[in-house]
Amino acid sequence: MKRYLLDTHAWVYFLADPIQLPRGLETLLEEARAEQALFVSAISAWEVAVLARKGRLAFTSGVRRWLEDALRVPGIEVVPLDAYIALEADGLPLPHPDPADRFIVATALRLGAVLVSRDEKLQGLSELRTLWKPGA
């Protein structure tokens, strides 16, 4: 069974604005969620809070409430950061220094998961399996 790790934007879109997802991706993610094969990195909660503080994301119920609700969605497992993920994150050859991306990529690699991300820079990493447009 394939595992899928949601990049932060994919997590937000999936739960708050699925129309932003490519055609077919919401269905695939719902199937993964039903199979307990859908994950999100704990760092994504921090990234959502930072983006909301900077005004790049807004939620009608407020960011804290949205995060509390999002973290309780059945079938999406939150993967905590640990020392192994931190070690993996440090050594990644990423094209930019974004700490959240480092932890998210390291988490996907640790899980052996497909990273669901529209970030073309991450899609270009040879050791990382990514998905944004199903069937493409």
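- Taking an unreviewed UniProt entry as the reference, the protein chain is identified by name as Ribonuclease VapC22 belonging to Meiothermus luteus.

1. Side note on the packing of helix H1 (residues 8-16) against helix H3 (residues 43-53)
Step number 1: Across the interface, H1 lies against H3 with an axial gap of 9 Å and an inter-helix angle of 80°. For the element pair H1 / H3, the angle class is roughly perpendicular. Taken together, the residues of H3 that come into contact with H1 (itself represented by Thr8, Trp11 and Val12) are Ser44, Ala45, Glu47 and Val48.
Step number 2: The residue inventory of the contact of H1 with H3, partitioned by class, reads four nonpolar, two polar and one charged.

2. What about the pairing of strand S2 (residues 38-41)?
Step number 1: Burial of S2 is two-sided: the residues Leu38 and Val40 facing one way and the residues Phe39 and Ser41 facing the other way are all buried.
Step number 2: In this sheet, S2 lies alongside strand S1 (residues 4-6) in parallel orientation, the contact comprising three bridges. Across the sheet, residue Tyr4 finds its bridge partner in S2, namely Leu38.
Step number 3: Direction of pairing for S2 relative to strand S3 (residues 76-79): parallel, over a ladder of four bridges. Along S3, the bridge assignment pairs Phe39 with Glu77.

Here is what the cut-offs are and how they apply
Residues numbered from 1 in each chain as written. Predicted model: local features only at pLDDT ≥ 70, side-chain atom pairs only at ≥ 80, totals over all residues. Heavy atoms only, no water. Axes fitted to C-alpha atoms, helices over the stretch in contact; angles between N-to-C directions. Helix = DSSP H or I, 4+ residues; strand = E, 2+ residues; numbered from the N terminus. Parallel < 35°, antiparallel > 145°, perpendicular 65-115°, else oblique. Contact = heavy atoms within 4.5 Å. Nonpolar A, V, L, I, M, F, W, Y, C, P; charged D, E, K, R; others polar. Buried < 20%, exposed > 50% of the residue type's maximum accessible area, 1.4 Å probe, protein only. Pairing = 2+ DSSP bridges.

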